[in-house]
Amino acid sequence: MSRRPSLNQLFMLRLVPLALLVAMAVSLANAWHLHKRFEVELDRKETELLRIGASLLAAPLWNFDNQAVNELVETLLADADVASVSVYDDADTLLLSRFAGDDLQGLQQRRAAIIFENALLRRQLGYLELTFTRQRLSEQIGWSVFFTLLAVSLVVVAVFAWTMRFNRLHVVAPLNAILDTLRAMRSGQPFMPLVSHAPGEVGDALQAYNSLAVQLDHAHQEIAAQSQRDALTGLLNRHGFYAHLSGWLEMHPQRPLGILHMDINHFRWINESFGQDAGSQLLRDIARRLEDQLGAQLCLPLARLGSDEFVAAFADIDAPALARHARTLQRNMLEPFEVFDQQVFVSMNLGGALFPQHAATAEGLLKVAELALHRGKERSPGEYRLYRPSTVHLPAHEMIALERDLHRALNEDGLRLMLQPIVTADSQPGARVTLAGVEALVRIEHPERGVLSPDTFIPVAEASGLILPLGAWVMEQGLAWLADATRQGLDTQTIAFNVSAREIHAGGLVERLAAGLERHDLAAQRIILEVTENVMLEHDSVVRETFDALRALGCKLAIDDFGTGFSSLSYLQHLPFDIVKIDRCFVGEVHTAPRQAALVAAMIEMGHALGLSVTVEGIELHEQASRCLASGADHLQGYYFCRPLPAAEALARFITL
Amino acid sequence: MRVLAICLLCLVSPVLLAAPLSVTFINPGYQGERFWDMVSSTMRAAADDLDIRLAVHYAQRDRHVMQALATQVLEGEQLPDYLVLVNEEQYAVDLLEQAEARGVDVLFLLNGPSAEQRLHTGAPGERYRHWIGAIEPDNFAAGARMAEALVEAAPAQSDPLPTLALLGDTLTPASIGRNGGMLDVLLDEPRVRLDRLLTAHWNQEEARTLTAGYLRWLERRNEAPALIWAANDPIAIGAIEALQDAGFTPGEDVLLVGLNWSPEGIRRVARGELLLTDGGHFLAGAWAMVMLRDLADGVIDIADASIRFPMEALDTHDVATFGERLVAPDWRDIDFARFRHTPDGYDFSPRRALDMLMEARQ
């Protein structure tokens with residue numbers, strides 16, 4: 001932005017030409033006036049000089065007194081305005097002529113009769129001729145104009161300086177003060193009323209500014225306060241809670257603190273069944289019940305983090321006390337809520353975290369509590385889970401770093417698609433391997449830490465929601481790879497994508513997949529979507545609908561990590577799976593431990609009984625492969641056959657397989 | 001009648017008849033100055049003839065001296081019967097007051113109060129009881145006579161005659177009268193072109209300078225002078241010198257007139273350089289004595305004591321007639337008693353006096 005001219009500059013730009021114009025006009029008017037006045041005066045003087053000269057010359061001329069005539073002529077010539085004097089007699093003969101000097105300008109000749117007169121007679125003796133110069137007139141006018149100009153200029157300069165000073169003191173300075181205050185306010189400093197004794201309108205404006213700024217300041221404070229509040233429930237929002245928690249931790253770095261992150265289960269159903277207003281009303285009721293129950297026990301105000309998530313903080317608390325609070329809260333929720341005269345039952349999952357054991361910052365504490373919540377939710381609905389740091393689960397600060405890395409990888413091409421082959425059970429590495437398909441996996445190529453495995457960052461991606469763009473990326477890259485492989489002749493193989501509960505709940509998965517298949521001209525039958533058992537924890541219609549849609553599209557569904565998660569087989573009855581993938585933990589001892597071998601065989605048999613194809617994961621040894629083949633497994637997957645390969649390398653390998 | 005009157009007077013005032021008159025004259029001029037010496041000498045000659053004791057003081061042409069002399073006389077123990085004053089440059093009138101206080105009768109000689117002063121003084125005896133009268137020459141007639149002589153003698157020509165008038169001054173009543181007479185003639189004369197009236201202050205040198213200037217002026221105009229009227233002889237002589245300097249021949253190329261009967265003037269007339277010299281007014285001294293004698297004797301009274309006597313022009317012919325007498329006349333040869341008042345009045349003609357002088361010599 002170009003800098004605007006200052007008030008003084010503008011003032012100068014207007015005043016200076018105007019002042020000059022006025023000075024000029026005054027000088028010209030003065031010069032004209034002087035010229036007129038001088039002309040009249042000079043004319044009068046000339047007339048008088050001529051008259052006196054003629055009259056004085058009469059007697060000497062009469063008396064033929066040449067000396068007196070000469071003296072008189074010299075006297076006349078001594079006058080500054082007289083350029084020459086000539087005396088003529090009555091016959092117009094030149095008697096005498098004298099000149100004052102050269103270089104005289106504006107000459108004007110005048111002549112008068114010399115008349116001698118006394119009591120006895122009157123005679124004309126001749127003429128006196130005077131040549132007048134206007135040089136003195138011009139000089140006088142010149143000087144006069146000069147002094148007028150000087151005087152007017154001095155007055156203008158004085159007025160100008162005074163005005164500038166006045167402007168600076170009483171206009172510009174107050175305005176600059178306002179400007180400074182505004183800048184200070186913009187940079188976050190508190191509003192300070194301006195003290196000024198500026199007169200007149202500027203003073204009024206300052207007063208008005210002060211009162212307006214006070215109002216604005218109050219409004220700002222109000223807005224700041226409101227920005228920390230949830231409009232629906234009146235509780236703190238995420239931002240507000242974060243601010244409060246940060247403040248608390250800063251104020252009490254030594255005091256233990258526990259937070260409970262609550263998530264209402266199936267809240268979507270309420271919205272869908274009763275409408276948005278009912279959902280909002282329910283949230284308000286839940287908030288009020290929570291506040292009533294917790295009230296004074298909280299060290300920070302209760303907060304609503306997201307649509308159906310709340311968080312509460314307790315000071316000076318340990319893990320068991322926090323667990324007690326969690327249980328009390330769950331119990332308290334058992335009492336039904338009224339929505340449109342109907343009783344609605346609400347349950348919730350809780351995640352807990354303790355300061356300073358689990359995280360040292362407000363951000364970390366919230367993160368790990370959320371992680372604990374989601375972990376618990378994956379395992380069992382309605383559960384409370386305290387965050388447990390583990391080998392898998394990184395310390396909070398590392399998780400935050402990982403989240404940053406994940407962001408960067410997504411945005412800066414730091415992700416690598418890896419593919420692990422799935423082969424027919426009768427394949428023999430080095431002899432005959434039949435590639436049935438691949439599982440799409442992802443790695444992060446960290447600029448400092450090298451390649452990061454999914455075990456490290458997937459939990460973080462799930463907790464942060466980055467799993468959604470990550471999943472989309474993997475799917476797009478996988479489909480592109482498959483299209484490429486198809487063009488290279490691998491036209492029957494399948495590709496398997498891991499799908500998390502969150503991706504299913506987020507929606508759009510089916511549509512994205514359909515669009516991708518169409519774009520890459522691939523058959524849906526070649527796509528396998530793997531979900532863990534935990535996805536089936538809730539009898540969620542969304543999951544069911546998504547599965548149906550995927551099946552309708554022509555895709556296959558696989559249960560991943562079978563046998564490790566939610567150990568209910570009932571979902572096998574209801575949900576339309578095609579493949580079951582037996583988790584690697586059942587395979588490790590399969591060739592040595594008969595009980596394990598029997599379990600795997602039973603699982604394979606159960607799968608087949610249900611009409612599912614069975615894949616065993618984690619095959620690392622020839623014996624394991626043989627046992628599984630013997631037990632009737634359809635496909636095998638593991639390092640024994642091939643490690644996950646970068647996409648480009650994989651294609652080359654598989655073609656030559 | 002006259003005898004009776006004398007007898008009556010003798011009866012009334014035997015002392016007056018018995019005692020001679022005492023008269024003091026304050027002469028304004030220098031002692032040795034011809035005109036004023038002539039005034040004194042004619043006065044003295046007449047005083048002798050008329051039994052008048054005369055005292056003459058000279059003011060040396062200094063009005064302060066004149067006033068001081070008058071004061072001295074008026075404050076002296078022996079007061080004169082009559083004080084004769086000349087209102088030279090109009091300063092004598094102031095003395096009237098003083099004389100009035102002392103009771104001394106005053107007679108003005110040659111120059112009486114001017115017309116302006118008359119407004120103050122009134123007629124003789126009117127405001128000042130002791131101012132008895134004034135004897136003045138007819139200067140106006142003299143000026144006019146001189147001018148007429150010039151005009152008559154002027155050559156006949158169609159062009160106007162370039163004429164110069166050289167005045168003595170413009171203040172003295174005598175001068176004013178003379179100037180007036182001259183202008184009366186010359187301004188009305190179509191043949192005359194009066195170029196200048198120049199004041200020479202009775203000074204010969206000044207007259208010469210002025211005339212030279214006039215001649216240069218004429219020369220620029222390619223003209224030559226014709227007539228020069230001079231207020232007295234010295235002025236006329238100054239003009240003659242200037243003319244001669246310029247190569248003119250006075251009396252032939254240029255006609256001049258003078259006044260005073262001065263020896264030099266008379267000589268110039270004799271040489272033909274001057275047309276005439278007017279004058280004879282120095283006889284006023286004698287006329288004053290005659291009149292005071294008559295007044296003292298009661299022959300006339302104050303009303304008759306103010307007279308204007310004629311002057312006389314002497315031309316070449318007169319000069320030839322009177323010869324050297326004119327240059328150094330001895331007025332004692334004349335019996336001034338013969339000029340006393342007659343029933344026809346006074347006959348104060350200068351020519352009569354000259355004739356008497358010639359008679360006495362023969």
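Procedures and definitions
- Within each chain, residues carry numbers counting from 1 in the order of the written sequence.
- To read the labels, note that chains go from A and ligands from 1, taken in the order they are written.
- Side-chain atom pairs in this predicted model are given and counted only at pLDDT of 80 or more, local residue features only at pLDDT of at least 70, and totals for whole chains, interfaces and linings cover all residues.
- Helical segments are the DSSP runs of H or I of at least four residues, strand segments are the runs of E of at least two, and each set is numbered from the N terminus.
- Residue burial here comes from a neighbour count, namely the number of other C-beta atoms, placed from the backbone, that lie within 10 Å of the residue's own C-beta, with 20 or more meaning buried, 12 or fewer meaning exposed, and in between meaning partly exposed.
- It is the C-beta atoms, placed from the backbone, that decide contacts: two residues are in contact if theirs lie within 7 Å.
- Throughout this entry, Asp, Glu, Lys and Arg are counted as charged residues, while Ala, Val, Leu, Ile, Met, Phe, Trp, Tyr, Cys and Pro are counted as nonpolar. The remaining residues, Gly among them, count as polar.
- Here, strands pair whenever DSSP counts at least two bridges between them.
- Axis definition: a line fit to C-alpha positions, over the contact stretch in the case of helices; interaxial angles, taken between N-to-C directions, run 0 to 180 degrees.
- For our purposes the nonpolar core covers buried Ala, Val, Leu, Ile, Met, Phe, Trp, Tyr and Cys residues that link as a set through C-beta atoms within 7 Å.
- One number per residue, pLDDT, summarises how confident the predictor is, and it ranges from 0 to 100.
- To estimate how far a helix should extend, the number of its residues minus one is multiplied by 1.5 Å.
- An angle below 35 degrees is treated as roughly parallel, one above 145 as roughly antiparallel, one from 65 to 115 as roughly perpendicular, and anything else as oblique.
- Helix crossings are classified by the rotation of the near helix relative to the far one: an anticlockwise turn of less than a right angle makes the crossing left-handed, while a clockwise turn makes it right-handed.

**A closer look at the overall build of chain A**
Thinking step 1. Scanning chain A from terminus to terminus reveals 19 helices and 21 strands.
Thinking step 2. In chain A, buried positions account for 32% of the 657 residues.
Thinking step 3. Across chain A, contacts joining residues at least 24 apart in sequence account for 66% of those joining residues at least 6 apart.

**Section: the overall build of chain B**
Thinking step 1. Across its full length, chain B carries 14 helices and 12 strands.
Thinking step 2. Here chain B, with 362 residues, has 48% of them falling under the buried criterion.
Thinking step 3. In chain B, once contacts between residues fewer than 6 apart in sequence are set aside, the share between residues at least 24 apart is 77%.

**Some thoughts on the interface of chain B and chain A**
How large an interface is tends to be reported as the accessible area lost when its parts come together.
Thinking step 1. In this complex, chain B contributes 11 residues to the contact, which on the side of chain A involves eight residues.
Thinking step 2. Per-element accounting of the side of chain B that touches chain A gives the leading share, six residues, to helix α9 (residues 204–220) of chain B.
Thinking step 3. Per-class residue counts for the side of chain B that touches chain A are six nonpolar, one polar and four charged.

**What about the sheet that holds strand β5 (residues 257–264) of chain A?**
Residue and element names in this part refer to chain A.
Thinking step 1. The strand order across the open sheet built from five strands is β6-β7-β5-β10-β11, with neighbouring strands paired in mixed fashion. Among the strands making up the open sheet, the edge pair consists of β6 (303–304) and β11 (384–386).
Thinking step 2. Along the sheet, helix α8 (residues 319–334) contacts β5, β7 (309–315), β10 (348–355) and β11; its crossing angle with β10, the most-contacted strand, is approximately 160°.

**Focus on the pairing of strand β2 (residues 94–99) of chain A**
All names here are of chain A.
Thinking step 1. Bridging between strand β1 (residues 82–89) and β2 involves five bridges; their strand directions are antiparallel. If you follow V87 over to β2, its bridge partner there is L96.
Thinking step 2. Hairpin connection of β1 to β2: four residues between the antiparallel strands, including D92 at a positive phi of 65°.

**Looking at the nonpolar core**
Thinking step 1. If you look at the biggest cluster of nonpolar residues, it comprises 118 residues, and the most contacted ones within it are L365(A) and L529(A).
Thinking step 2. In this view, L365(A) contacts L245(A), I259(A), A353(A), F355(A), H358(A) and A359(A); residues no more than four positions away in its chain are not counted.
Thinking step 3. Among the nonpolar cores identified, the runner-up in size contains 63 residues, and L50(B), A134(B), A284(B) and I334(B) belong to it.

**As for the confidence of the model for chain B**
Residue and element names in this part refer to chain B.
Thinking step 1. The predicted model of chain B averages 88 in pLDDT, with 94% of residues at 70 or higher.
Thinking step 2. Across chain B, strand β8 (residues 227–230) holds the top mean pLDDT of 96, while helix α2 (residues 14–18) sits lowest at 41.
Thinking step 3. In the predicted structure, residues 3–18 sits below a pLDDT of 50 and forms three contacts with residues beyond four places in sequence or in another chain.
Thinking step 4. Overall fold confidence (pTM) sits at 0.50, and the ipTM for the predicted complex is 0.73.

**What about the sheet that holds strand β1 (residues 21–27) of chain B?**
All names here are of chain B.
Thinking step 1. Read from one edge of the open sheet, six strands run β2-β1-β3-β4-β5-β11, paired in parallel fashion. Unpaired on one side and paired on the other, β2 (52–58) and β11 (307–309) mark the two borders of the sheet. Between one strand and the next, the sheet's axes are offset by a mean angle of 20°, whatever the strand orientation.

**Details of helix α3 (residues 34–49) of chain B**
Residue and element names in this part refer to chain B.
Thinking step 1. Taking 1.5 Å per residue as the helical rise, α3 with its 16 residues ought to reach 22 Å, and the 22 Å between its terminal C-alpha atoms agrees with that figure.
Thinking step 2. If you check which residues of α3 are buried, you get W36, M38, V39, S40, T42, M43, A45, A46, A47 and D49.
Thinking step 3. The inward-facing, buried residues of α3 abut β1, β2 and α12 (284–296).
Thinking step 4. Immediately beyond the C-terminal end of α3, within one or two residues, lies D51, with a positive phi of roughly 55°.

**As for unusual backbone geometry**
Thinking step 1. Residue P356(A) follows F355(A) across a cis peptide bond; omega there is 10°.
Thinking step 2. Take P356(A): it is sitting in the loop between β10 and α9 (362–379).
Thinking step 3. Positive phi values are uncommon outside glycine, yet D341(A) reaches one of about 65°.
Thinking step 4. As for its placement among the helices and strands, D341(A) is situated in the loop between β8 (337–339) and β9 (342–344).
Thinking step 5. D341(A) gets classed as exposed once you count the C-beta atoms within 10 Å, which come to 5.
Thinking step 6. In this model, Q60(B) sits at a positive phi of 55°, which is unusual for a non-glycine residue.
Thinking step 7. Examined against the element boundaries, Q60(B) turns out to sit in the loop between β2 and α4 (63–75).
Thinking step 8. A residue is classified by how many C-beta atoms lie within 10 Å of it, and Q60(B), with 15 of them, is partly exposed.

**Some points on the packing of α9(B) against helix α10 (residues 233–245) of chain B**
Any two packed helices are characterised by how steeply their axes cross, that is the angle between the axes, and by the distance between the axes.
Residue and element names in this part refer to chain B.
Thinking step 1. Where α9 contacts α10, the two axes come as close as 7 Å, and the packing angle between them is 40°. One way to sum up the angle between α9 and α10 is to call them oblique. α10 is crossed by α9, and the crossing has right-handed handedness. Contact residues: Q204, E205, E206, A207, R208, T211, A212 and L215 in α9; P234, I235, I237, G238, A239, E241, A242, L243 and D245 in α10.

**Thoughts on the pairing of strand β12 (residues 415–424) of chain A**
All names here are of chain A.
Thinking step 1. Among the 10 residues that make up β12, seven are buried, leaving the element largely enclosed by the rest of the structure.
Thinking step 2. Two strands pair when backbone bridges link them, and β12 and strand β21 (residues 645–646) are joined in this way by two bridges, in the antiparallel orientation. What sits directly across from M418, in β21, is P646.
Thinking step 3. Of the pairings in the sheet, the one linking β12 to strand β20 (residues 635–636) comprises two bridges and is antiparallel in character. When the sheet's bridge partners are listed, T424 is paired in β20 with H635.

**Let's talk about the packing of α10(B) against helix α11 (residues 263–271) of chain B**
Residue and element names in this part refer to chain B.
Thinking step 1. Viewed as axis vectors pointing N to C, α10 and α11 meet at an angle of 50°, and their least axial separation amounts to 9 Å. Classed by the angle they form, the pair α10 and α11 counts as oblique. The hand of the α10/α11 crossing is left-handed. From α10, D233, A236, I237 and I240 reach across to α11, where they touch E264, G265 and R268.
Thinking step 2. Along the lines of polarity and charge, the residues of the contact of α10 with α11 split into three nonpolar, one polar and three charged.

**Comments concerning the environment of P336(A)**
Thinking step 1. Locating P336(A) in the fold gives a position in the loop between α8 and β8.
Thinking step 2. Excluding residues within four positions of it along the chain, P336(A) makes contact with Q343(A), V344(A) and F345(A).

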